[in-house]
Amino acid sequence: MDDLREPCPYRIGDDCGGAFTMGCVGSAIFSGIKGWKTAPVGYKARFHGAITSIKMKAPGHGGNFGVWGLTFASCDCTLIYLRNKEDPWNSIASGAITGGI
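Novice: Where do I start with the pattern of salt bridges in this structure?
Specialist: Side chains carrying opposite charge are able to pair once their charged atoms draw close together. Throughout the structure, instances matching the rule amount to three salt bridges. Between aspartate 76 and arginine 11 there is a salt bridge, with the nearest N and O atoms lying 3.6 Å from each other. Taken as a pair, aspartate 76 in helix α2 (residues 43–83) and arginine 11 in helix α1 (residues 8–38) lie far apart in primary sequence, 65 residues in all. Among the residues examined, arginine 11 registers a relative accessible area of 4% and is labelled buried. Linking arginine 83 and aspartate 87 is a salt bridge whose minimum nitrogen-to-oxygen distance equals 2.8 Å. The exposure class assigned to aspartate 87 is buried, which follows from its relative accessible area of 16%.

Here you go:
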């Protein structure tokens, strides 16, 4: 179906790493903006507030997204193994199972 994706055991690591990166980048953007807004007046203080907020929150959010990616990819590979076919229904069911967990 999709020739660009890795085979199933390696797909879990790829999805986990991609989700971690996406969580870190997204959290850095939003945490940086919030840290900038809530810091005291002055560019130096606001920049320091933004950097501090990013350092505190981005790794945690990235880890949460990484766990979500790990769970999703594990469910996807399990369904591929159980059904012996790779189609969109595996991803749909994996999303539902991941949301339920």
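Novice: Sorry if this is basic, but what is going on with the packing of α2 against helix α3 (residues 88–100) here?
Specialist: For any two helices packed against each other, the geometry comes down to the angle between their axes and how far apart the axes lie. Here α2 crosses α3 at 135°, and the two axes come no closer than 8 Å. Taken together, the axes of α2 and α3 lie oblique to each other. Crossing hand, α2 versus α3: right-handed. Note on element contacts: α3 touches α2 through Trp89, Asn90, Ser91, Ala93, Ser94, Gly95, Ile97 and Thr98, opposite Trp68, Thr71, Phe72, Cys75, Asp76, Leu79, Ile80 and Arg83. Partitioned by chemical class, the residues of the contact of α2 with α3 number eight nonpolar, six polar and two charged.

Novice: Explain the state of the cysteines here, please?
Specialist: Two cysteines form a disulfide when their sulfur atoms are joined by a covalent bond. Following the criterion strictly, the structure yields one disulfide and no others. Between cysteine 8 and cysteine 77 runs a disulfide, and the two sulfur atoms are separated by 2.0 Å. On the S-S bond that ties cysteine 8 to cysteine 77, the torsion sits near -130°, and the link is left-handed. Residue cysteine 8 is found in helix α1, and its partner cysteine 77 is found in helix α2; the two are separated by 69 residues along the sequence. For the pair formed by cysteine 8 and cysteine 77, the shared burial category is buried. Unpaired in terms of disulfides, cysteine 24 finds its nearest cysteine sulfur in cysteine 16, a separation of 11 Å.

Conventions used here
Residues numbered from 1 in each chain as written. Predicted model: local features only at pLDDT ≥ 70, side-chain atom pairs only at ≥ 80, totals over all residues. Heavy atoms only, no water. Salt bridge = Lys/Arg side-chain N within 4 Å of Asp/Glu carboxyl O. Helix = DSSP H or I, 4+ residues; strand = E, 2+ residues; numbered from the N terminus. Buried < 20%, exposed > 50% of the residue type's maximum accessible area, 1.4 Å probe, protein only. Axes fitted to C-alpha atoms, helices over the stretch in contact; angles between N-to-C directions. Parallel < 35°, antiparallel > 145°, perpendicular 65-115°, else oblique. Left-handed = near helix turned anticlockwise from the far one by under 90°. Contact = heavy atoms within 4.5 Å. Nonpolar A, V, L, I, M, F, W, Y, C, P; charged D, E, K, R; others polar. Disulfide = S-S within 2.5 Å.

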